[in-house]
Amino acid sequence: MLYLKNNREEIATLELINKHFWKSRTGPLSALTLPFFLMLIYRILGQDDITLFTSGLAAYFSFSILPLCFISLPQMIVEFKTSIISRKISISKITKSKFSLIILSYNFIAIFVATLIITLLYATFLGSEAPKVFENIKWPELIYSLFNIYISCLSFGLLLGVLINKIILIQIIAFLLIIISITFSGQ
């Protein structure tokens, strides 16, 4: 309880970030709907053979991680930079690096939760085939790869948010990055 009293400003900042994250529906909504529709398409196309659907796991994860990192995170940073909120935060005990760390931590958790939801959707679409498919997945490699994707995408999203000052420009760049990333991923 003493920790909460001493860190009132960090908690208030975290609440502000949470409110803004859900206010901007683009990132959270696309992080769940894009993989869902891709799963649906792959499942319909490969009704007889499940290999098409199972091979798309990397794309499902990408379609959930990239919108949160390349759309939601930079948009949040730009809106905070251009609003009065940044001035109020700057006069508090919250430094720029602490603020960035709080934003990155929040988005890391959001990406992790989105990954769990995508894994549950994947298992749901697999149905009775799920245990056999999950048995063939190399889990340590998958976790390591996801962690690397989390760190690189969050870093690049932070860079976009810091360097760009217009939300429309962030959306255009994010869309291009997502399309290029998916194209080169082999899906």
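*Asks:* Describe in detail the overall build of the protein chain, supporting the description with residues and values.
*Replies:* Secondary structure summary: the protein chain contains 10 helices and 0 strands in total. Each helix (α) and strand (β) of the protein chain, taken in turn from the N terminus, gives the series α-α-α-α-α-α-α-α-α-α. Overall, the C-alpha framework of the protein chain stretches about 60 × 40 × 25 Å when taken along its three principal axes. For the protein chain, buried positions account for 40% of its 187 residues. Of the contacts formed within the protein chain by residues at least 6 apart in sequence, a portion of 83% connects residues at least 24 apart. Within the structure as shown, the protein chain displays about 11200 Å² of accessible surface, and the carbon and sulfur contribution to it stands at 70%.

*Asks:* Give a detailed account of the nonpolar core, specifying residues and quantitative values.
*Replies:* Counting 51 residues, the largest nonpolar core has Ile 17, Phe 53, Tyr 60, Ile 65, Phe 70, Ile 103 and Tyr 122 as its most contacted members. The element that contributes the greatest number of residues to this core is helix H5 (residues 57–82), accounting for 16 residues.

*Asks:* Quick one: what's the story with the state of the cysteines, residue by residue and with numbers?
*Replies:* Under the counting rule described, the total for this entry stands at 0 disulfides. Left without a disulfide partner, Cys 153 is nearest to the cysteine sulfur of Cys 69, which lies 4.8 Å away.

*Asks:* Describe the environment of Ser 55, with residues and values.
*Replies:* Relative to the helices and strands, Ser 55 is located in the loop between helix H4 (51–54) and H5. In this structure Ser 55 comes out as partly exposed when scored by relative accessible area, which is 44%. Taking the C-alpha atoms as reference, Ser 55 lies 19 Å from Ile 178; in sequence the two are 123 residues apart. Polar side-chain contacts of Ser 55 include one of 2.9 Å to the backbone oxygen of Leu 52.

*Asks:* Before we move on, can you summarise a nonpolar patch on the surface with the specific residues and values?
*Replies:* Taken together, the side chains of Ile 168, Leu 169, Ile 172, Phe 175, Leu 176, Ile 179, Ile 180 and Phe 184 make up a nonpolar region of the molecular surface, amounting to roughly 840 Å² of accessible area. Among the structural elements, Ile 179 can be located in helix H10 (residues 167–184).

*Asks:* Describe the pattern of salt bridges, and please don't skip the residues or the numbers.
*Replies:* Per the stated rule, a full pass over the model turns up 2 salt bridges. Linking Lys 23 and Glu 79 is a salt bridge whose minimum nitrogen-to-oxygen distance equals 3.8 Å. Of this pair, Lys 23 sits in helix H2 (residues 8–23) while Glu 79 sits in helix H5, and the two are 56 residues apart along the sequence. A salt bridge links Glu 129 to Lys 132, with the nearest nitrogen and oxygen atoms 3.3 Å apart.

*Asks:* Hey, could you go over the confidence of the model for the protein chain for me, with residue numbers and the actual values?
*Replies:* Per-residue confidence for the protein chain gives a mean pLDDT of 85, with 92% of residues at or over 70. When the elements of the protein chain are averaged for pLDDT, helix H1 (residues 2–6) gives the smallest value, 49, and helix H9 (residues 139–163) the largest, 93.

*Asks:* Can you lay out the packing of H9 against H10 for me, pointing to particular residues and giving the numbers?
*Replies:* Relative orientation of the contacting elements H9 and H10 amounts to 155 degrees, with a least axis distance of 11 Å. With respect to each other, H9 and H10 are oriented roughly antiparallel. For the crossing formed where H9 meets H10, the hand is right-handed. Across the interface between the two elements, Phe 156, Leu 160 and Gly 161 from H9 touch Ile 170, Ile 173 and Leu 177 from H10.

*Asks:* Give me H9: which residues, what numbers.
*Replies:* When the terminal C-alpha atoms of H9 are compared, their 36 Å separation across 25 residues agrees well with the 36 Å that a helix rising 1.5 Å per residue should span. Residues of H9 that are buried: Leu 142, Leu 146, Tyr 150, Cys 153, Leu 154, Gly 157, Leu 160 and Gly 161. Looking at the buried positions of H9, the neighbouring elements they touch are H5, helix H7 (96–126) and H10.

*Asks:* How would you sum up the packing of aromatic side chains? Please name residues and give values.
*Replies:* Following the criterion strictly, the structure yields 15 aromatic pairs and no others. Ring centres of Phe 70 and Phe 156 lie 5.7 Å apart, and the angle between their planes is 75 degrees; on these two criteria the pair is classed as edge-to-face. Of this pair, Phe 70 sits in helix H5 while Phe 156 sits in helix H9, placing them 86 residues apart in sequence. For Phe 156, a relative accessible area of 35% translates into the label partly exposed. Among the aromatic residues, those joined into a ring-pair cluster are Phe 36, Phe 37, Tyr 42, Phe 53, Tyr 60, Tyr 122, Phe 125, Phe 134 and Trp 139. Positioned above the aromatic ring of Phe 53 is the side chain of Arg 43, whose terminal nitrogen or guanidinium carbon lies 5.8 Å from the ring centre.

Conventions and cut-offs
- Residues numbered from 1 in each chain as written.
- Predicted model: local features only at pLDDT ≥ 70, side-chain atom pairs only at ≥ 80, totals over all residues.
- Heavy atoms only, no water.
- Helix = DSSP H or I, 4+ residues; strand = E, 2+ residues; numbered from the N terminus.
- Buried < 20%, exposed > 50% of the residue type's maximum accessible area, 1.4 Å probe, protein only.
- Contact = heavy atoms within 4.5 Å.
- Areas by Shrake-Rupley, 256 points an atom, 1.4 Å probe, with all protein chains shown as cover.
- Core = buried A, V, L, I, M, F, W, Y, C linked by side-chain atoms within 4.5 Å.
- Disulfide = S-S within 2.5 Å.
- Polar contact = N/O pair within 3.5 Å; in protein donor to acceptor, adjacent residues only side chain to side chain.
- Patch = residues over 30% accessible without salt bridge, like charges linked within 9 Å, V, L, I, M, F, W, Y side chains within 5 Å.
- Salt bridge = Lys/Arg side-chain N within 4 Å of Asp/Glu carboxyl O.
- pLDDT = per-residue confidence, 0-100.
- Axes fitted to C-alpha atoms, helices over the stretch in contact; angles between N-to-C directions.
- Parallel < 35°, antiparallel > 145°, perpendicular 65-115°, else oblique.
- Left-handed = near helix turned anticlockwise from the far one by under 90°.
- Expected span 1.5 Å × (residues − 1).
- Phe/Tyr/Trp six-rings, centres within 6.5 Å; stacked < 30°, edge-to-face > 60°.
- Lys NZ or Arg CZ within 6 Å of the ring centre and 35° of its normal.

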